[in-house]
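# Fold and contact review
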Amino acid sequence: MTNKKFEVNPWEVKGDIDYGKLIKEFGIEPLKELPEIFENNVLFRRKTIFAHRDIGRVLMAIKNKKKFVMMTGLMPSGNFHLGHMLVVQQMIFYQKLGAKIYIAVADLEAYNARGSTLKEMRKIAIEQYIKNYIALGLSSKNCEIYFQSDRSKDSVKANAYYRLASNFSRYSTFNEFKAVYGDISPGKMNASLLQAADMFHAQLPEFEGSVPIIVPVGTDQDPHLRLARGMSKKFKEHKFIQLSSTYHLFLPGLGGGKMSSSDPNSHIAMTDSEKEVANKINKYAFSGGRATLEEHKKKGGNPDIDVSFQYLKMFFEENDNKLKQIEEDYRNGNLTTGELKKYTIDKINVFLKKHQEKRAKITKNDVENFLYK
Ligand code: TRP
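What counts, and where the lines are drawn
Residues numbered from 1 in each chain as written. Predicted model: local features only at pLDDT ≥ 70, side-chain atom pairs only at ≥ 80, totals over all residues. Heavy atoms only, no water. Helix = DSSP H or I, 4+ residues; strand = E, 2+ residues; numbered from the N terminus. Rg over C-alpha atoms; globule rule 2.2 N^0.38 Å. Buried < 20%, exposed > 50% of the residue type's maximum accessible area, 1.4 Å probe, protein only. Contact = heavy atoms within 4.5 Å. Areas by Shrake-Rupley, 256 points an atom, 1.4 Å probe, with all protein chains shown as cover. Lys, Arg positive; Asp, Glu negative; His and termini not counted. Charge placed at Lys NZ, Arg CZ, Asp CG, Glu CD. Near = heavy atom within 4 Å. Polar contact = N/O pair within 3.5 Å; in protein donor to acceptor, adjacent residues only side chain to side chain. Pairing = 2+ DSSP bridges. Axes fitted to C-alpha atoms, helices over the stretch in contact; angles between N-to-C directions. Salt bridge = Lys/Arg side-chain N within 4 Å of Asp/Glu carboxyl O.

### Some remarks on the overall build of the protein chain
The secondary structure content of the protein chain amounts to 17 helices and nine strands. For a compact globule of 373 residues, the expected C-alpha radius of gyration is about 21 Å, and the protein chain comes in at 21 Å, within 12% of that figure. Overall size of the protein chain, expressed as C-alpha extent along the three principal axes, is 70 × 45 × 45 Å. Taking all 373 residues of the protein chain together, 54% fall into the buried category. In the protein chain, of all internal contacts separated by at least 6 residues, the share reaching a separation of at least 24 is 76%. Total accessible area on the protein chain is roughly 17200 Å²; 50% of this is exposed by carbon and sulfur atoms. The positive charge centre, built from 58 side chains, and the negative charge centre, built from 44, are 3 Å apart in the protein chain.

### Here's the deal with the site of the ligand
Around the ligand sit 13 residues, and of these Gly73, Glu109, Gln195, Asp198 and Gln221 come closest. The side chain of glutamine 195 places a nitrogen or oxygen atom 2.7 Å from a nitrogen atom of the ligand. Aspartate 198 is positioned such that a nitrogen or oxygen atom in its side chain is 2.8 Å from a nitrogen atom of the ligand. Protein chains bury 92% of the 370 Å² of accessible surface belonging to the ligand in isolation. Going through the elements one at a time, β5 (69-74) and α10 (186-200) are the ones with two or more residues in the shell around the ligand.

### With respect to the sheet that holds strand β8 (residues 213-218)
Across the sheet, seven strands lie side by side as β3-β4-β9-β8-β5-β6-β7; this open sheet has mixed pairing. Strand pairing shows two members of the sheet lacking a second neighbour, β3 (29-30) and β7 (143-147), which therefore form its edges. Relative to the sheet, α10 contacts β5, β6 (100-105), β7 and β8, its axis offset from that of β8 by approximately 135 degrees.

### What to know about the pattern of salt bridges
Under the defined criterion, the tally for this structure stands at 25 salt bridges. Note that aspartate 320 is salt-bridged to arginine 46, the shortest N-O span being 2.7 Å. Taken together, the positions of aspartate 320 in helix α15 (residues 320-331) and arginine 46 in the loop between α3 (42-45) and β4 (49-53) put the pair 274 residues apart, joining distant regions of the chain. Take aspartate 320: its relative accessible area is 34%, and that puts it in the partly exposed class. Assessed through its relative accessible area of 10%, arginine 46 is described here as buried. Arginine 229 is the salt-bridge partner of aspartate 54, the closest N and O atoms lying 2.9 Å from each other.

### Structural notes on the environment of lysine 234
With respect to the helices and strands, lysine 234 occurs in helix α11 (residues 222-234). In this structure lysine 234 comes out as partly exposed when scored by relative accessible area, which is 40%. In sequence terms lysine 234 and phenylalanine 168 are 66 residues apart; their C-alpha atoms lie 8.9 Å from each other. With residues up to four places along the chain from it excluded, the contact list for lysine 234 reads Tyr171 and Glu176.

Structure follows, in structure tokens:
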């Protein structure tokens, strides 16, 4: 693993990730006891989703069968990979619990903060993201996906969204932006005002009215949440219910660090072939094994830093007993790195084969069902 200086902000995650520090610095709280429906989900049970702010009011809504919204945004940046699945699985989880799902395609953020074109972003969002969401099981029934650059064909709704983004700017200062983001530019400022509107606008009367909203994010997105929470408190025209949020670990990239769409050797894409998966895991997946087989058998490996093991833990080995066995065998040296990798490759390939078959059947019409409601 690398040993670079740890740094995290919404546009960059550098070095090794120190989650303890994130919890302390940002004041988010570790997730403790959760209702059984949450514990049945591997992401919660295995603490891949490990912290929260104000999750209580969403738990209440679920318990009392009240309406709530799950909101998230996607940055259309190249290949859809395993790391993106973390949020999608949460969308599906909350949708099954009765949430209405709002998804913002952050095309204006990409345009303003990353120099992309809107046309290209739209294409990537549909081909890479939305189609994969559908193949993974997201339903169009209780879900709307919109583009930041194109909120709604209904001008009453669209106006309310852009008005909110604009009005929020009154309730923050340049120094706050600087303190929250470090480096700031007008483009990034605009992106975070829009993101604040993304996160809160479902509560406006033009949308769902006063409902709790949960925003599951990677920890790098917390600065956006802090800023949005602050602005919403000072906002006079509407009394917002404070956001709930949860925080998940980053899925490690093959070589450690965060999985990145721009580096194909750091990720497994949903479109990778069986051969590519095998090759990537064998060649690039950081191993917690020892330098020689002999040493490994004697001293054992370290699953905590082994990327293949982390993939099994986060997604691909749903059976707790089996996972525990693998962990033990690896730790005591009975399971070699080669064997662990082979097991992981097979699991990923079984999953991807089914996924790719489903993905291939998705039509333009299926996509349209999610847009412009
Ligand atoms: N900034 C997010 C990203 O880089 C995308 C995003 C836009 C978002 N609006 C959002 C995420 C609202 C969560 C909620 O991926």
